[in-house]
Structure formats: C-alpha cells, structure tokens
Amino acid sequence: MKLISMVILWWLELSCTFCQNEPSGNFVNKVQRELKRQTHIEAIAKDLQTRIGLGSVFSPTGQGPQAVLAPLIKSVLDSVIAEVGANISEACMNSTTQMLKAALNRDEWALRMIDAIGKPPSGLLDFNLQWPGNYDECVQTQVSVLDNSTGLVSEPFAPQYCKASFVLGQNPAAVMTGGYIIVNTGMCLPDKCDNNSASLVAQRLIQLIPINITKSMPPPGMVCQDNHLPWSSSAVGAIVLCCVFAALMAIATVYDAVCQYVLTPKEQVLGGKYTDNGAIEARSHIPDGHASNVNVSNGAVPNGTYRNFGDGHANESFVSDVHVSAEHVSHQKADLKTNEHEIRANSKQYKPGVFGALLLSFSVLSNARKILNTNQPSQTLTSVNGIRFISMTWVVLGHTYVFGLGVLGNLATILPEYVKRFTFQAILNATFAVDTFFVLSGLLVAYLTFREIDKCGGAKKFNWGLYYFHRIWRLTPPYMLVMFVYTSLSKHWGHGPFWPQNGFDPNDCNTWWMNLLYINNFQDSQKMCMGWSWYLANDMQFYIISPLILVLLFYSRLGGVILSVAFVLGNFISAGVLTNVHNFSASIMQRNKDEKGDSFELLYIKPWTRIGPYIVGLLTGYVLYKTKCKVTMSKKANITGWTLATGLAIALLYGLYSDDGTIKLNKVTTIFYNATSRTVWGACVAWVIFACATGYGGPVNALLSWKGIVPLSRLTYCCYLVHPIIMWTNYYSQRQTMYWFDLEVSYKFLGHLCMTYGVAFIVSLAFESPMMGLEKIVLGRTKKH
C-alpha cells in the first residue's frame with residue numbers, strides 16, 4: 001500500500017497545477033471519500049491539504065494556484081540545486097529551472113511537458129508498473145521562451161523522452177525483472193540533460209513526496225532517447241548494400257523480361273521459356289505430384305550442379321553429374337514432358353553470356369516464379385512441406401506470446417490464467433516445433449545423401465567437399481546479410497517509449513563472428529547476436545558430423561545403428577545429468593524456484609542435449625532410402641503406429657498440465673522427461689513422415705502434401721530469420737502497454753504470420769534466391785572445365 005500512497009500523492013501534487021476555480025467542498029470531499037477506504041492514506045491526504053492549502057487552491061476567493069505553488073516550486077528548485085547541483089550539468093540545471101518556472105507561469109509548452117510525464121494507471125495491485133506517459137506529446141512540444149530584455153522568443157532546448165526505472169524492492173514473483181519490483185516511468189525533460197543528470201533530478205523530485213518509501217530510494221536507472229539518432233557507418237553501409245541489391249534486381253528483371261519476351265521469337269519456342277542461365281525450360285506437371293526439370297541448351301542437356309543442404313527449412317535435392325537434376329526448393333521447376341512440349345533443336349535461341357547469366361540470378365521475374373511454383377521434383381517427400389509450414393506457424397505463435405511480455409500491462413493477471421488452461425499447454429510446449437525441424441533436417445540429409453552416394457558408386461567417390469560447400473553457401477549469405485541489415489538499421493525503424501535506440505541485440509552484435517562460424521550456441525546467451533539463431537548453430541554442427549554416421553550406415557548397418565544409438569544415449573545422459581545438478585524444471589517456460597543456472601543456456605541450446613531428434617531423422621531417412629519408400633504394412637500395424645505416435649505426442653504436449661498451473665512431476669520423473677521427451681517427439685514426427693512416404697498416410701498425407709503449402713514451405717528459412725525482427729518492431733513501437741485478451745492475441749498472431757511471410761518473400765528474392773542462382777552458374781561452369 002505504500003506504493004499506492006506514493007503515487008496518489010504524486011498525482012495530487014501534479015493535478016494542482018491545472019485546477020483553478022472549482023469549489024473546494026466538492027473536490028476535497030470527493031477525494032476524501034475515496035481516501036477513507038485506507039486510514040493511513042486519508043491521514044496523508046489531510047497532511048497534504050494542510051501543507052499546501054488545498055482549500056485556498058480551490059476556493060473562489062483564494063489566491064489561486066500560483067500563490068500556493070510558488071513556495072513549493074521554489075523549495076524544489078532550491079533543494080535540487082543545493083543537493084545535486086554539483087553532480088549535474090549546468091545546462092541541465094538551467095533548462096530544468098526554465099521548465100519549472102514556465103509551468104508556474106502556466107506556459108502551455110511547459111504544461112505539456114509535465115502532462116507527458118507517466119502517471120500511475122489502474123491495475124497497480126496487478127503490478128501494472130509500466131507508466132510510459134505520452135511520448136508523442138513530449139517530443140512534439142515546441143519550447144518557446146520570451147526574453148524580457150530583447151522581447152525575442154527563443155527555443156533554448158528541446159524536450160526529450162526519458163524512461164526512469166525506480167527500484168522499490170525485491171519480490172521473487174517479479175521474474176521478468178530479475179526479482180526486483182521496478183516502476184518504469186516516462187519523463188519529459190530538457191535535452192540538455194544527459195542520463196546521469198536526469199537521474200539525479202528525478203531522484204530528488206521523487207524524494208520530495210512525503211512518504212517513507214521515497215526517502216531512501218536510490219537514483220533511478222535513466223535512459224533518455226536521442227531526438228536525432230545519428231547514422232553510423234554500418235547503417236550507411238547497410239543502406240548502400242540494400243540499394244545495390246535493389247538496383248541489381250531491377251536491372252536483372254528488365255533484362256529477363258527482354259530476354260523472354262523480346263529477344264526470343266514466340267514461334268521458335270513452343271511452351272518453353274528461358275531459364276536463369278539462358279537455357280530453354282519446358283514446364284509440365286507429373287500426375288503423381290512430383291516434378292523435375294531438364295535444361296536444354298543447343299540441343300544438349302548440360303551437367304548439373306550439386307544440391308544438398310540439410311537445414312530442415314527447405315526441400316533437399318541433389319543435382320549431380322547425371323543429365324536430369326532436381327533444383328533447390330526455392331528454385332524448383334517443372335519436368336520436361338515431351339508429349340506436350342517440344343523444343344526445336346535447329347531454332348535460333350538467344351543465350352546470355354556469362355555476365356548476363358550472373359545478372360539473371362537476381363531477376364525478380366524468374367525467382368518469384370520459382371518460389372511460387374507448386375510443382376516439386378520427383379521422389380520428393382511431399383509431406384515434409386506441410387510439416388515444415390505447420391512447425392513454422394507454431395514457432396510464430398509461441399514467439400507472439402513470449403516476445404510481447406516486455407510491453408504487457410496485465411502480465412500479472414493474464415499469465416496465471418493462461419498457465420491454468422489445458423489448451424495453453426500447446427503454447428508452453430511450442431519448443432517441440434524446433435525438434436521437428438531437427439528431425440526434418442536429419443531425415444533429408446540422410447535420404448538425399450544416400451541416394452547420391454549410391455549414384456556415385458560409393459562414399460569414396462562422393463564429393464564431400466561440395467557437400468560442405470553447398471551447405472555453407474546455402475545458409476550463410478542470407479543469414480549474414482539479414483544480420484547486417486538488422487543490426488545496422490533496426491534502431492532506425494521505429495521510435496516510442498519502449499523503443500531501444502541501442503538496438504535489440506547487445507553491443508551492436510559485436511560477436512557476429514561467432515554466428516559466422518556457427519558456434520554462437522557456446523557463448524553467453526545474454527551476449528548472443530540474433531539470439532534465435534542458436535538453432536542454426538546446432539543444425540550446422542549436426543550436419544558437420546553427419547558423415548560419420550552416414551558412411552558407417554552405408555557400409556555397415558549395424559555399426560551405423562550402434563553409433564547412432566550412442567549419440568542418442570549421450571543426449572539422454574547429458575540432459576538428465578544437467579537437470580539433476582541444476583534442478584531444472586520440465587518446462588523452460590516454468591522455472592523452479594531453486595533452479596541453479598540458466599536452463600536456456602545450459603540445457604536448451606547445447607548440441608549434446610538436442611541431437612536426439614536429429615539422429616532419429618537420420619535413421620528414418622536411411623530406412624526410406626533402403627526401402628525406396630516401398631513398404632508393405634498390415635492394417636493392424638499401421639493403426640498401431642498411428643495410435644502410438646499420436647498418444648505419445650499428446651502425452652508430451654499436455655502431460656505437464658495441472659489445475660493450478662504448476663508442474664507436479666517429482667525430480668526423478670522430471671529428469672526422465674527432460675532426457676527423453678525431445679527424442680520421443682522426434683520419433684512421433686518421423687512416423688508421420690514414414691507413413692506418408694510409404695503410402696499409409698491417408699488424409700494426413702493429403703493435407704500435408706497439399707500443393708498450396710509448397711510456396712510457403714520454401715520460405716521457411718527466411719521466415720525463421722526475420723520473424724523475431726518483425727515482432728519486436730511491432731511490439732516496441734507501442735505507445736502504451738498492451739492489454740491482452742484472447743481476441744487481441746489472435747489478431748497479433750495472424751498479423752505477425754502474414755507479415756513474416758510477406759517480408760520473407762522479399763528477403764528470399766533479394767538475398768536467398770540470387771545466391772542459389774550464382775552457385776548453379778559457377779559450379780556448372782567449373783564442371784565443364
């Protein structure tokens with residue numbers, strides 16, 4: 001109640017500035033009726049009335065607010081100057097004095113600055129301690145001071161918005177603020193005050209409120225926003241980079257259109273069109289939903305290029321030294337169907353040179369057509385597309401809740417309500433979506449690598465150098481380009497009371513080199529650049545060690561299985577031991593009170609605790625390769641498999657539920673759950689893929705293999721890169737704290753999802769698709785030599 005007493009008095013003192021001729025009886029009686037609910041607050045209010053003469057303030061015959069407030073403001077100025085004058089700048093002191101005197105004279109600009117200061121809202125007992133004030137009113141106020149000696153109006157300073165963080169005490173329930181009760185108040189101060197000066201002035205002003213809690217209050221943490229944020233050299237570089245890519249895309253698109261519709265006579269190509277390397281592409285659709293493409297140049301089919309990655313975000317496919325090749329997921333094309341399309345070998349074709357082919361890699365026209373094409377290469381595991389899209393949607397849904405907590409006004413009431421809901425367990429356990437991506441990654445790496453090893457005649461003839469090169473080229477350019485633009489420009493994308501002008505990541509991502517090397521999951525999580533990129537580091541590390549298992553499985557099934565089981569057991573043991581030693585909870589979203597250490601850093605992002613689902617994916621891919629997706633299964637076995645997978649998945653998602661929202665597992669059960677749950681979830685996902693690929697998926701396969709999902713599936717990697725940036729930009733541009741309820745969060749989720757895919761499409765056109773086109777041209781020419 002001390003907090004409520006303090007903020008009521010604070011508001012009463014500020015309110016006196018705006019009150020003039022209301023009869024004292026009506027106002028004072030109204031205030032006192034409200035204050036009588038709390039005896040000690042009533043006493044404080046009476047003391048305030050006596051101290052500053054509330055009766056005379058509101059009396060028609062009184063002296064008015066100026067006469068009453070003059071001694072108070074003078075005492076504030078004298079106190080501030082006497083006690084902290086030596087520690088604040090002279091410019092700050094002078095401008096603050098001007099502001100307070102102007103407020104006493106009822107100058108509108110000064111009253112606006114005071115009015116913009118954050119004031120206590122309702123919901124204090126629910127820990128609504130974010131009081132941002134009115135940001136726009138503060139920064140848009142025009143200061144005008146009349147110089148009596150010259151008669152000229154000047155603007156000695158401009159208002160700046162600051163956020164003061166007052167620490168009121170400690171409470172273990174304040175998880176979001178490290179166990180401290182912190183009131184964040186927006187303040188409108190002169191821009192002559194730096195953070196330190198503004199903090200000392202705010203401290204003294206708050207200590208003048210006659211409540212014990214304010215007497216020993218330390219200086220608040222203060223962050224003042226720059227009205228004109230300077231452009232760094234990296235920001236300028238990012239703008240130049242974006243302009244270069246935009247120019248390349250515009251020029252390439254015009255050139256592509258000219259090649260396709262001007263330089264190529266229509267009568268020479270029946271149903272065909274030029275591809276990004278100048279060859280004519282003929283499109284078709286194969287009835288079984290699979291597709292491939294053949295590029296014909298001068299009547300011959302050129303050698304293809306190697307296509308293998310394994311990130312679980314895009315379709316996996318190889319293009320080796322065979323004549324028919326499957327393109328990368330973002331660049332898939334339809335198959336050649338000779339009974340529908342013919343290309344005249346003796347016709348003259350326009351074929352761009354090397355420079356032209358390189359330029360066409362940036363063509364929006366061709367790249368957009370490839371992304372939006374719904375056909376797929378032959379022998380594609382089509383159910384993977386649906387699983388990938390659903391998992392990405394699940395990630396966006398979970399992060400919609402998590403990333404918005406920092407600007408939520410009803411967190412203390414809505415969060416306890418959420419965790420008591422049975423259905424909300426799917427949100428609390430949305431981290432299983434990441435394990436789904438690990439399964440997809442391992443499965444596609446194994447399935448496609450084994451097929452290519454088989455074509456090459458053994459692992460010794462397989463080009464392992466290209467195996468690693470393509471993976472790095474596939475992921476790194478879009479990753480680094482997005483990181484550069486994000487870290488350099490994001491601080492300029494918005495403004496507001498919650499906007500971090502220093503950027504969303506610590507120290508301007510000065511640890512970017514760890515992301516480049518894919519080892520950022522081994523650093524302090526608080527210093528990690530693009531914190532969500534820990535997944536890419538794990539996935540790359542799994543990809544690097546995959547040949548150990550793949551080669552062993554190819555030559556010795558038993559040896560490969562033993563090594564795989566050893567990796568899974570290592571996963572179980574490491575996760576179990578860490579849970580036991582640090583007393584981790586069964587859910588990363590609901591921590592134990594006596595946890596020792598950060599479960600996110602120690603348990604959640606380390607490769608030795610996450611490799612289990614990836615190994616499950618590798619083994620599943622091996623089985624599909626060996627059986628060529630042709631398995632005979634009895635109806636009973638199929639039903640048993642689906643029942644077991646569904647039952648285990650539901651148990652993992654909802655098994656932690658309790659009526660009061662707490663986790664009831666004992667320590668032994670928690671250790672077992674943390675050790676095995678993610679691998680078991682991976683096995684459930686692997687069954688779905690296996691059943692769908694072998695013809696036992698039924699309506700599930702029909703849904704997951706729907707062609708409409710294919711373009712969305714291709715954008716998954718870029719969606720993963722940009723979705724937190726979009727959410728943070730939206731959340732931290734808010735002018736007031738958000739008040740969540742189910743419909744509001746649903747709109748947030750759908751908005752984030754649509755914006756994520758829209759931005760991902762642009763990023764893919766600019767950064768991802770061109771890189772794949774360049775690789776195809778470079779490696780294709782290398783092979784010819």
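Residues numbered from 1 in each chain as written. Predicted model: local features only at pLDDT ≥ 70, side-chain atom pairs only at ≥ 80, totals over all residues. Heavy atoms only, no water.

A. Spatial organisation of the pairing of strand β5 (residues 180–190). The buried count for β5 comes to 9 of 11 residues, which makes it a mostly enclosed element. Relative to β5, strand β1 (residues 130–131) is paired through 2 bridges, and the arrangement is parallel. Its bridge partner being in β5, glutamine 130 is matched across the sheet by asparagine 184. (Buried < 20%, exposed > 50% of the residue type's maximum accessible area, 1.4 Å probe, protein only. Helix = DSSP H or I, 4+ residues; strand = E, 2+ residues; numbered from the N terminus. Pairing = 2+ DSSP bridges.)

B. Spatial organisation of the confidence of the model for the chain. Per-residue confidence for the chain gives a mean pLDDT of 80; residues scoring 70 or more make up 75%. Below pLDDT 50 for its whole length, residues 268–347 participates in 255 contacts with residues either more than four positions away or in separate chains. Low pLDDT (under 50) marks residues 781–785, which in the prediction has 7 contacts with non-local residues, meaning those over four places away or in another chain. (pLDDT = per-residue confidence, 0-100. Contact = heavy atoms within 4.5 Å.)

C. Looking closely at helix α21 (residues 557–582). Across its 26 residues, α21 extends 38 Å between first and last C-alpha, which sits within 8% of the 38 Å expected from 1.5 Å per residue. Every buried residue of α21 is listed here: Gly559, Gly560, Ser564, Val568, Asn571, Ser574, Ala575, Gly576, Leu578, Thr579 and His582. The elements touched by buried residues of α21 are α20 (534–555), α22 (599–604), α23 (611–627) and α25 (667–693). Taken from the residues just after α21, asparagine 583 is the one with a positive phi, measuring 55°. (Expected span 1.5 Å × (residues − 1).)

D. A look at the environment of leucine 489. Considering the arrangement of structural elements, one finds leucine 489 in helix α18 (residues 464–489). The exposure class of leucine 489 is buried, given its relative accessible area of 9%. Residues leucine 489 and tryptophan 231 lie 258 residues apart in sequence; the distance between their C-alpha atoms is 8.8 Å. Setting aside residues no more than four positions away along its own chain, leucine 489 makes contact with Trp231, Ala235, Ala238 and Ile239.

E. Representation of the state of the cysteines in the model. Counting across every chain of the model gives 4 disulfides. Two residues share a disulfide in this structure: cysteine 92 and cysteine 193, whose sulfurs sit 1.9 Å from each other. When the S-S torsion is 90°, as for the bridge of cysteine 92 with cysteine 193, the disulfide is right-handed. Of this pair, cysteine 92 sits in helix α6 (residues 90–104) while cysteine 193 sits in the loop between β5 and α9 (195–207), and the two are 101 residues apart along the sequence. With relative accessibility at 0%, the residue cysteine 92 sits in the buried group. Sulfur-sulfur distance for the disulfide between cysteine 162 and cysteine 224 comes to 2.1 Å. Of note, the bridge from cysteine 162 to cysteine 224 carries an S-S torsion of about 105° and is right-handed in sense. (Disulfide = S-S within 2.5 Å.)

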